[in-house]
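Examination of the molecular architecture
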Amino acid sequence: MSTDTAYLAANWAQVRQRVDEACREAGRDPAAVDILPVSKTFGPELIRAAVGLGLHRFGENKVQEIREKAPPLADCGLAWVMIGHLQTNKTKDVARLASEVQSLDRLELAEALDRRLQHEGRAIDVLVQVKTSSEPSKYGLSPEQLGGFLDTLRGYDTLRVRGLMTLAAHSTDPAEVRGCFRLLRELRDRAIAQGHDIPRLSMGMSGDFPLAIAEGATEVRIGTAIFGSRSHPDAYYWPESPRKA
Ligand SMILES: *Cc1c(COP(=O)(O)O)cnc(C)c1O
């Protein structure tokens, strides 16, 4: 076993165990919570080591990184999941390479993606990103806009809307963080009651996933706890964000 593989195997086992524990504490079935490994900033070699552990779905924050990593890993049959802010002029590569977009946050983006996907003859799963905290800079639809947006998305055959995604407030107060996750769950439940088939809730990261699981996350997005700390500060991924490295 290479050092990379041993390191990842240990981290992965620990994360899976902590997720399972959080499920038990919340009275939930551990099989109901997926882990999306977030490989942003890490290169194809480390990702290949993760593939050796049986992982095949990876979250990336920037289209550029998917474009760079997909070719050298083409033999692995990976599913690339876009979780970061997406500019409309970058949708071409996403339509070509991504299996899923979790950061759909505006109509202009849905239109651009749909156009590109039609061109590729593909349909992908999407999650709608909702802004659940009052922090000024976070991307996402406001809770008030969600219902109308979901109704509009029914018109796009290439976008299979499967659920909601959020980033919680960057706060040391667990009640505030948990409140963001609770809001996303309530919005999902309301949308389901209105006839939208959107069971998935992508919420929780390395630092806050137990709270997200307690509030019903069906998927947690874990970077640091699996791959280690990143050389870029978080501000690189959340421009204008108050988050610090
Ligand atoms: C980087 C990132 C994550 C994972 O963050 P960690 O704290 O490293 O687990 C989750 N979601 C999004 C949108 C990200 O950009």
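Residues numbered from 1 in each chain as written. Predicted model: local features only at pLDDT ≥ 70, side-chain atom pairs only at ≥ 80, totals over all residues. Heavy atoms only, no water.

In the nomenclature of an unreviewed UniProt entry, the protein corresponds to Pyridoxal phosphate homeostasis protein from the organism Rhodanobacter terrae. In its Sequence similarities (unreviewed entry) section, UniProt records this for the protein: "Belongs to the pyridoxal phosphate-binding protein YggS/PROSC family." UniProt, in the comment section headed Function (unreviewed entry), describes the protein in these words: "Pyridoxal 5'-phosphate (PLP)-binding protein, which is involved in PLP homeostasis." (UniProt positions renumbered as here; feature names shortened; annotations may be inferred.)

Turning our eyes to something else, we now look at the site of the ligand. Near the ligand lie 13 residues; those nearest to it are K40, N61, S206, T224 and R230. Note that an oxygen atom of the ligand is positioned 2.5 Å from one of the side-chain N or O atoms of S206. Measuring from an oxygen atom of the ligand, one finds a side-chain N or O atom of T224 at 2.5 Å. Expressed as a share of its isolated accessible area of 390 Å², the protein-covered part of the ligand is 96%. (Near = heavy atom within 4 Å. Polar contact = N/O pair within 3.5 Å; in protein donor to acceptor, adjacent residues only side chain to side chain. Areas by Shrake-Rupley, 256 points an atom, 1.4 Å probe, with all protein chains shown as cover.)

Let's shift gears to the confidence of the model for the protein. Close inspection of predicted coordinates is inappropriate in any region flagged by low pLDDT. Per-chain confidence: the protein averages 94 in pLDDT, with 94% of residues scoring 70 or above. Counting interchain partners and residues more than four positions distant, the pLDDT-below-50 stretch residues 241-245 has 14 contacts. (pLDDT = per-residue confidence, 0-100. Contact = heavy atoms within 4.5 Å.)

Let us now look at the pattern of salt bridges. Under the counting rule described, the total for this entry stands at 18 salt bridges. D197 is the salt-bridge partner of R162, the closest N and O atoms lying 3.4 Å from each other. A residue pair is termed long-range when its members are at least 10 positions apart, and R162 in strand β6 (residues 159-165) and D197 in the loop between α7 (174-193) and β7 (200-202) qualify at 35 residues. Between E215 and R185 there is a salt bridge, with the nearest N and O atoms lying 2.5 Å from each other. On the criterion of sequence distance, the pair formed by E215 in the loop between α8 (209-214) and β8 (219-222) and R185 in helix α7 is long-range, its members being 30 residues apart. (Salt bridge = Lys/Arg side-chain N within 4 Å of Asp/Glu carboxyl O. Helix = DSSP H or I, 4+ residues; strand = E, 2+ residues; numbered from the N terminus.)

Counting 66 residues, the largest nonpolar core has V19, L104, V128, L153, L159, L164 and V220 as the members making the most contacts within it. Not counting residues up to four positions away in its chain, the partners in contact with L159 are L104, A110, L113, L117, I124, V126 and L153. Core analysis: the second largest hydrophobic core is formed by six residues, V38, V81, L127 and M165 among them. (Core = buried A, V, L, I, M, F, W, Y, C linked by side-chain atoms within 4.5 Å. Buried < 20%, exposed > 50% of the residue type's maximum accessible area, 1.4 Å probe, protein only.)

Quick look at the packing of aromatic side chains now. All chains considered together, the criterion is met by two aromatic pairs. Each ring, one from F42 and one from F227, has its centre 5.5 Å from the other, and the planes form 25 degrees; the classification is stacked. Of this pair, F42 sits in the loop between β1 (34-37) and α2 (44-51) while F227 is found in helix α9 (residues 224-227), placing the two residues 185 residues apart along the sequence. Grouping residues by exposure puts F42 and F227 together as buried. Between F58 and W80 the ring centres are 6.3 Å apart and the planes differ by 45 degrees, which places this aromatic pair in the tilted class. With a gap of 22 residues between them, F58 in strand β2 (residues 57-60) and W80 in strand β3 (residues 79-82) connect regions that are remote in the sequence. Like W80, F58 is buried. (Phe/Tyr/Trp six-rings, centres within 6.5 Å; stacked < 30°, edge-to-face > 60°.)

Before going further, it helps to examine the UniProt feature "modified residue: N6-(pyridoxal phosphate)lysine" (unreviewed entry) in the protein. Taken from the UniProt record, the annotation "modified residue: N6-(pyridoxal phosphate)lysine" (unreviewed entry) applies to K40. Here K40 is to be found in the loop between β1 and α2.

Here we come to α2. Within α2 the residues assigned to the buried category are L46, I47, A49 and A50. Taken down its axis, α2 places every buried residue within 155 degrees of arc, on the same side. On the buried face of α2, the contacting elements are α1 (3-25), β2, α3 (63-69), β3 and α9. (Arc of directions from axis to C-beta.)

The phi torsion at T41 lies on the positive side, around 75 degrees, for a residue other than glycine. In this structure, T41 sits in the loop between β1 and α2. The partly exposed category is assigned to T41, whose relative accessible area is 25%.

Moving on, we get to the side chain of S39. Structurally, S39 can be placed in the loop between β1 and α2. A residue is classified by how much of its surface remains accessible, and S39, at 0% relative accessible area, is buried. Other than its neighbours up to four places away in sequence, S39 contacts I47, F58, G59, E60, K69, W80 and F227.

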